[in-house]
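An overview of the molecular structure
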Amino acid sequence: MGSTITEKILAKAAGKETVKAGQLVDAEIDVIMCHDVTTPPAISMLEDKKIDTVFDTEKIVVTPDHFQPAKDIQSAALHKRLDKWARKHNIRYYYKIGQAGVCHALLPEQGHIRPGEVIVGGDSHTCTYGAFGAFSTGIGSTDLAAAIATGKLWFKVPESMKFVLNGSLGKGVYSKDVILEAIRLIGTDGALYKAMEFTGPALADMSMEARMTITNMAIEAGGKNGIMGFDDITKEYLDGRLKGKTDYEVFESDADAEYCRTIEIDCSKLEPMVAMPHLPSNGVPISKCAGKDMDQAYIGSCTNGRIEDLRIAADILKGKKVAIRTLIVPATPTIWKMAKDEGLFDIFYDAGCVISAPTCGACLGGFMGVLAEGEKCVSTTNRNFVGRMGHPKSEVYLTSPATAAASAIEGKLADPRSYL
Amino acid sequence: MAKAHKYDRDHINTDEIIPARYLNTDDEQELAKHCMEDLDAEFVKKCQAGDIIVAGEDFGCGSSREHAVWAIRGANVSTVIAKSFARIFYRNAIDNGFYIIETPDVDKISDGDEIEVDFENGLIKNVTSGKDINFEPLPDFAREIINNGGLLEHIKKATTD
Ligand code: SF4
C-alpha cells in the first residue's frame, strides 16, 4: 500500500521512512506564521514559563493583520507586544505596517511557502498553504508557543479524503464555487481531522491564486489540512519568489495510496454558489437565491483578496455603479499597489466602492465594515457564522468575487454571468 | 456535583463561544465575561463554578482562537461534554490542561441535570436521571499533557527531566 502526499511529508518531518494515518508523530516545523491575535498570548505564555527562546529566527514569519492598523487601544497593545517580541528576538521576516498584510495572502506572495515542508500558524486558515504541496495546519496559541520554542509539534497523521475536480469551469464560475460545493457535499465536519487532497483536470487549469482559495477553506469542512500536488503552475509561481531557502522537495501521492473517501465533482455542471447564513456548508446555486436584498458587499480576505480576485471584480464593476456599500480590501500592500497601477482603483472609485488598506478588518467583525443588526452582507470571505461580521443578528452570504461584484451592482444576490 | 448547561445543537463555533470583537484582549477574566454570548446571553449569569457545557457534534469549530478555551475556563466551566469536537479546539483544550469529554451519549443528559464526572475511569453519573454514561478517556499522551499542567509545562518537564 502506497502513501499519500500528506503521509510522505509528515514522515520526512518526523525523520521516518513511512508513516500511516492514525500514527502519532513528532514533526520538525519548517515555517511558523504569527499574527496579532494569537501570537501575543503565546509570547506571554513563553515569558511566564521562562522559556522565552525562539527555535530559529529565520523560520518565523510575523505580520499583524487582524486588527491592523490598530483599531483601538487594546489592539494597539497587542501590536506593541508583538512588535517588542519580534524585535527582541531579531525575527528576520517581520512585516511591519506598510509591508504587513493578511497573513495567508502575504506568506505565499513573499516567498515563504515551499512544497514538501511542514508549516503551522496561529490561525485556522493556515491550511491555505497546502496549495503548494506542503503540509500546513492551524494551531492555537499554546501550540504556537511550543512550536516557537522547540521547532517541533506532535501530530496525528490524518486519513486523507480525495476530491477529484473533473471537467472545466464554465463562464462566471470560479474556484470559490468549487470549494463551496465541496463543503456543501460533505458538511462543516465532513473532513473532521482529515486531510483534504484535491486533484483533477479542473484543478490543473487553475492559477495558484485560485487554488489557494480552495485549500483556504479546508478548515470550513473541519479538515486538518488541504493539499494539492505540484506542477508547472506551482513552479512558475515559486520561481524567483522564494526567500531564504530556495530548494525544496516535491512529494506526490502514490497511485495505490489509501483514501477514506473519494468525491468527484463535475466542475462543468457548477453554477456560481452562495453559502447562505450561518454555515459555509449552506451552499445553493445562484439560480435558487438570486434577488435577495443585501446591505453590503465585501471583496477581500485571505480567501479572495488577491490581485486575480480584484481583477475579476473590476471587470464586472467597470462602468457600473454599486447600489449598496461596497468594500474592496486588497489583502497585501503588493496587491494594493498592483491594483492601483493597473487602474483597478479608478474602476472601484468610479463605481462608488470604498478601498481599504490591507487588513482582516471586517472579515471577522473586527472593524472597517462591521454589520449592524439585521444587515446582510455578500462577502468573498470564508465564514458566515452567527455574528461573524458584526451583530449576532446580521447575515453573511459567501460567494466568489464575481458574484459579490454583480450583487453589489444590483443590491441583491445576482448572477455574475450576465455581466461577463 | 455540577449542573449541565445543554445546548442541543451541532457546530457551536468559536464565534459563538467568544465573538471576534472581544479578541483584542487575551485576559481570561475579560474574555469570560462574554463566554457563549452570541449563543446564550444569559450563560455567564447562570453558570456556577464547576458547571458543565453539553453540546452536539463538532463543538468549537471555526477559528483557532484558544480564547475559546480560556473564555470557557475563565467562566469556571469544569468540562465540556460533546458528541465530537473540532480539531483545533480539541488540541487547544488538551494543551491548556482542560479536560473535555467526547461521547455519543449526550442525549442522556438534559439541560439542568446534576452530573458528576470521573475522568480517570471514564464515567459520567447523571444524578438527576440516574442514567450513567461510560466514555472513552482521552488517549494516554493527552492525559499526560493535562496531568503535567498543559503542553508548555509538559515540554519544560520533558526538556529538564
Ligand atoms: S482574512 Fe478573515 S479568515 Fe483570513 S486570516 Fe483574516 S480574519 Fe481570518
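Now for a quick tour of the structure. Since the structure is predicted, the reported quantities are computational estimates derived from the model, not experimental observations. Residue positions are given per chain, counted from 1 along the sequence in the order it is written. Written order determines the labels here, with chains lettered from A and ligands numbered from 1. With pLDDT at 70 or above as the cut-off, local features in this predicted model cover only qualifying residues; side-chain atom pairs require 80 or more to be listed or tallied, and sums for whole chains, interfaces and linings still use all residues. Heavy atoms throughout the structure, all of them, feed into the side-chain values; hydrogens and water do not.

Both faces of the sheet carry side chains from a regular strand, because those side chains alternate between them. Residues and elements named next belong to chain A. Burial classification: accessible surface area is computed with a 1.4 Å probe over protein chains only, and a residue below 20% of its type maximum counts as buried, one above 50% as exposed, and the rest as partly exposed. Secondary structure elements follow DSSP: runs of H or I of four or more residues count as helices, runs of E of two or more count as strands, with numbering from the N terminus. Of the two faces of strand S6 (residues 135–138), the one holding Phe135 and Thr137 and the one holding Ser136 and Gly138 are both buried throughout. DSSP-based pairing: two strands are paired if at least 2 bridges between them are found. Bridge count for strand S5 (residues 118–121) against S6 is four bridges, and the pairing is parallel. The partner of Val118 across the bridge, within S6, is Phe135.

What follows concerns the environment of A:His125. All names here are of chain A. Along the chain, His125 turns up in the loop between S5 and S6. Here His125 falls in the buried class, since its relative accessible area comes to 4%. Sequence separation between His125 and Gly226 is 101 residues; the distance between their C-alpha atoms is 9.9 Å. Residues in contact with His125, not counting those within four places in the same chain, are His104, Asn216, Ile219, Glu220, Cys302, Asn382 and Arg383. What makes two residues a contact is simply this: any of their non-hydrogen atoms within 4.5 Å.

The next point concerns the site of the ligand. Residues and elements named next belong to chain A. For this description, a residue counts as near a given molecule or strand if any of its non-hydrogen atoms is within 4 Å of it. Lining the immediate surroundings of the ligand are His66, Val102, His104, Asp123, His125, Ser301, Cys302, Cys360, Cys363, Leu364, Asn382 and Arg388. Most atoms of the ligand, that is more than half of them, are within 2 Å of grid points of the largest cavity. Here the residues of the shell around the ligand are counted per class, giving five nonpolar, five polar and two charged. Looking at the shell around the ligand, you find at least three residues from each of domain 1 (5–265) and domain 2 (273–419). As defined here, a cavity is a set of points on a 1 Å grid over the protein atoms alone where a 1.4 Å probe fits but cannot get out. A pocket is an open set with protein on both sides within 12 Å along at least five of seven lines, and residues line them when an atom is within 4 Å of a point. Criterion for pocket placement: a molecule counts as inside a cavity or pocket if more than half of its atoms are within 2 Å of its grid points. Any residue that is not Ala, Val, Leu, Ile, Met, Phe, Trp, Tyr, Cys, Pro, Asp, Glu, Lys or Arg is counted as polar, Gly included; the first ten are nonpolar and the last four charged. Domains are outlined according to an automatic or database domain assignment.

The next thing to look at is the interface of chain A and chain B. At the interface, 48 residues of chain A touch 39 residues of chain B. Its largest share of buried area at the contact with chain B, chain A owes to A:Lys49, A:Trp154 and A:Tyr193, together 18% of the area lost on that side. Salt bridges are identified by distance alone: a Lys or Arg side-chain nitrogen within 4 Å of an Asp or Glu carboxyl oxygen. Where chain A meets chain B, there are four salt bridges. Close ionic contact of B:Asp26 with A:Arg81 constitutes a salt bridge, the shortest N to O distance being 2.8 Å. Here a polar contact means two N or O atoms within 3.5 Å. Within protein one must be a hydrogen donor candidate and the other an acceptor candidate, and residues neighboring in sequence count only if both atoms are side-chain atoms. Summed over the shared surface of chain A and chain B, the result is 19 residue pairs in polar contact (both at pLDDT 80 or more). Secondary-structure elements contributing two or more residues to the side of chain A that touches chain B are helix H2 (39–48), helix H3 (73–88), S6, helix H5 (141–150) and strand S7 (152–156) of chain A. Buried area: the sum, over both parts, of the accessible surface (1.4 Å probe) that disappears when the two are put together.

Residue and element names in this part refer to chain A. Read across the sheet, four strands follow the order S10-S9-S8-S11 without closing on themselves; strand pairing throughout is parallel. Every other strand in the sheet has two partners, leaving strand S10 (225–228) and strand S11 (261–266) as the edge strands with one partner each. Direction aside, neighbouring strands of the sheet carry axes that sit 20 degrees apart on average. Bridge count between strand S9 (residues 195–199) and S10: four bridges; the pairing is parallel. Looking at the pairing, Ala195 lines up with Asn225 of S10. Only the stretch in contact is used when a helix axis is fitted, and all axes are lines through C-alpha atoms; the angle between N-to-C directions ranges over 0 to 180 degrees.

It is worth spelling out empty space enclosed by the protein at this point. Grid points are joined across faces, edges and corners, and a volume is the space filled by probe spheres set on the points. Counting across every chain of the model gives three cavities of 30 Å³ or more. A:His66, A:Asp123, A:His125, A:Leu364 and A:Arg388 are the residues nearest the centre of the largest cavity, which is lined by 23 residues in total. Residues belonging to the lining of the largest cavity are distributed by class as follows: seven nonpolar, 12 polar and four charged. Here the second largest cavity defines a volume of roughly 130 Å³. In terms of lining, the second largest cavity is formed by 14 residues, of which the most central are A:Ile219, A:Gly222, B:Cys61, B:Gly62 and B:Ala86.

What follows concerns the sheet that holds S6(A). Residue and element names in this part refer to chain A. An order of S4-S3-S2-S5-S6 is seen for the five strands of this open sheet, with the pairing classed as parallel. A strand with exactly one partner marks an edge of an open sheet, and here the two such strands are strand S4 (93–94) and S6. One ladder, built from three bridges, connects strand S2 (residues 31–34) with strand S3 (residues 60–62); its direction is parallel. The residue bridging Cys34 from the neighbouring strand is Val62, located in S3.

Here we come to the pattern of salt bridges. Any two side chains of opposite charge can pair if their charged atoms end up close together. Residue and element names in this part refer to chain A. Under the definition given, this model contains 35 salt bridges over all chains. Across the pair Arg87 and Asp83 runs a salt bridge, and its minimum N-O distance is 2.8 Å. Remark: Asp83 and Arg87 occur in helix H3; sequence separation between them is four residues, near one turn of the helix. Residue Arg87 is classed as partly exposed on the basis of its relative accessible area of 49%.

Nothing here speaks to function; it is all geometry.
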